[in-house]
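Coordinate analysis (summary)
Chain residues, written in single-letter form:
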Amino acid sequence: ARHGGGAFDTLPGRARVSWIGGAMKRVASSHSMEDIGEDLDSFVTLSSFILTATEVCPSLAAKGHIKKEEETDLCILLQSIATSCKYIQNCVRKLGLANLSGKNGGTTNVQGEQQMKLDVIAHDVFTRGLDESKRCTMLISEEEEEAIMCTSSPNGRYVCVFDPLDGSSNIDCCVSVGSIFGVYRAGALGKGDVNDVLRPGKEMVAAGYCMYGSACTMVLTVGGNVRGFTLDPSLGEFVLTHPKIKCPPSGATYSVNEGNSRYWGGGMRRYVDHIKYHKEKPHALRYIGSMVADVHRTLLYGGTFSYPGDSKSPNGKLRLLYECFPMAYIMERAGGAASDGTQRILDVCCTGIHQRHPIHMGSEEDVEEIDRFYQEAAAVEDAR
């Protein structure tokens, strides 16, 4: 608190950067995250990281994940997303003060869900920013029924899929919300085609999310390690605070809406019963109801996040393309796992831009345990 507000703003430039670097090192070490070589005292911003992404992750270029001619365009695209997230964070902070809370006049999105004012603002900010970057051929948003074709550009190499404001139903009570995004290569330079995203999630080039909570945190992977950046509002920059995020191999919490337990199938019901009543130390339930917040906690502390299919919603609730795929991509790159109970999420081939799909993600050992209970439940059903 002594360093906050005006007192911190009066520090000279060199002392200010030095203090920030020390603060970042303390934050990173508090989560026991392995340092991969970046010295946090060097003050790495998201902008500088993006510009040197293939230098930080040389294996990407070697494997052909990022080619030299694509680097600049991907950098510009990710910078556009970062700018959009800063704008949305500013709107979240001013929610009640700027009359941004509440529903958007009774309108609904393609899923029939009530739109909040910030849903529409976040969608417009993402769409306009990505279109004006001239690096996308097409956009897929939760808020639009059809694919959005971008202004034609010879530099259009990518397709971006996104949920502009996940968890927005909780926004008016100040629960953490966030934006989720994934990036695919376009099939043809400068030409948008919906088939460019109707493929498995493992073919993404980059994925990330930005959480608007007690701090504004962006988690990003360009196919290598997962890194976390925290927005410093005094600088207007995302600063590297989590240089190499690793999901613990197992955890002591589970995150699921138990209000739907009466509709669950045998696999999910038996798994939750096992971790509550048959473990030496029962797992604790931690459920916020905002996917970004629940997955972020699971990513850092371990355990599982689940939104299973059930008798009421056989395909679950979450959208495969712009919610399940990006989060599963991040979780796997951080050493975790993501499954629907029978197969790896990133191996699923998307057949519709708003397709829903069940998902379990988190610590690898815990997700494997869920898969085992699903397999046992399936074997019991087959034996009947």
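Residues numbered from 1 in each chain as written. Predicted model: local features only at pLDDT ≥ 70, side-chain atom pairs only at ≥ 80, totals over all residues. Heavy atoms only, no water.

Some remarks on the environment of Ala215
Tracing the chain through its elements places Ala215 in the loop between β7 (206-212) and β8 (216-221). Distance in space between the C-alpha atoms of Ala215 and Pro233 is 9.6 Å, their sequence separation being 18 residues. If we ignore the near neighbours within four places in the chain, the residues touching Ala215 are Arg93 and Thr230. (Helix = DSSP H or I, 4+ residues; strand = E, 2+ residues; numbered from the N terminus. Contact = heavy atoms within 4.5 Å.)

Overview of empty space enclosed by the protein
Scanning the entire structure with this criterion turns up 3 cavities of 30 Å³ or more. In this model, the second largest cavity occupies a volume close to 40 Å³. Every residue along the wall of the second largest cavity is listed here: Val256, Asn257, Asn260, Trp264, Ser306, Tyr307, Pro308 and Asp310. Of the residues in the lining of the second largest cavity, the class split is 4 nonpolar, 3 polar and 1 charged. (1 Å grid on protein atoms, 1.4 Å probe; cavity = no way out; pocket = protein on both sides within 12 Å on 5 of 7 lines; lining within 4 Å. Points joined across faces, edges and corners; volume = space filled by probe spheres on them. Nonpolar A, V, L, I, M, F, W, Y, C, P; charged D, E, K, R; others polar.)

Description of the sheet that holds strand β12 (residues 284-285)
Taken in spatial order, the 5 strands line up as β12-β11-β13-β15-β14 in an open sheet, and their pairing is mixed. Two strands close off the open sheet at either side, each with one partner strand: β12 and β14 (337-339). Set on the sheet, helix α9 (residues 291-301) makes contact with β11 (253-255), β13 (304-307) and β15 (359-362); between it and β13 the angle comes to about 150°. Of the strands in this sheet, β13, β14 and β15 are in contact with helix α11 (residues 364-383), which crosses β15 at around 150°. (Pairing = 2+ DSSP bridges. Axes fitted to C-alpha atoms, helices over the stretch in contact; angles between N-to-C directions.)

Things to note about the nonpolar core
Within the largest apolar cluster, 45 residues are counted, with the highest numbers of intra-cluster contacts made by Leu46, Leu78, Ile81, Leu130, Cys160, Tyr212 and Phe238. With 10 residues, helix α6 (residues 68-93) is the single largest residue contributor to this core. Leave out the neighbours within four places in its chain, and Leu46 touches Ala82, Met218, Leu220, Phe229 and Phe238. Formed by 44 residues, the second largest nonpolar core is a distinct cluster that contains Ile180, Leu299, Ile353 and Met361. (Core = buried A, V, L, I, M, F, W, Y, C linked by side-chain atoms within 4.5 Å. Buried < 20%, exposed > 50% of the residue type's maximum accessible area, 1.4 Å probe, protein only.)

Taken by themselves, the reported measurements are silent on function.
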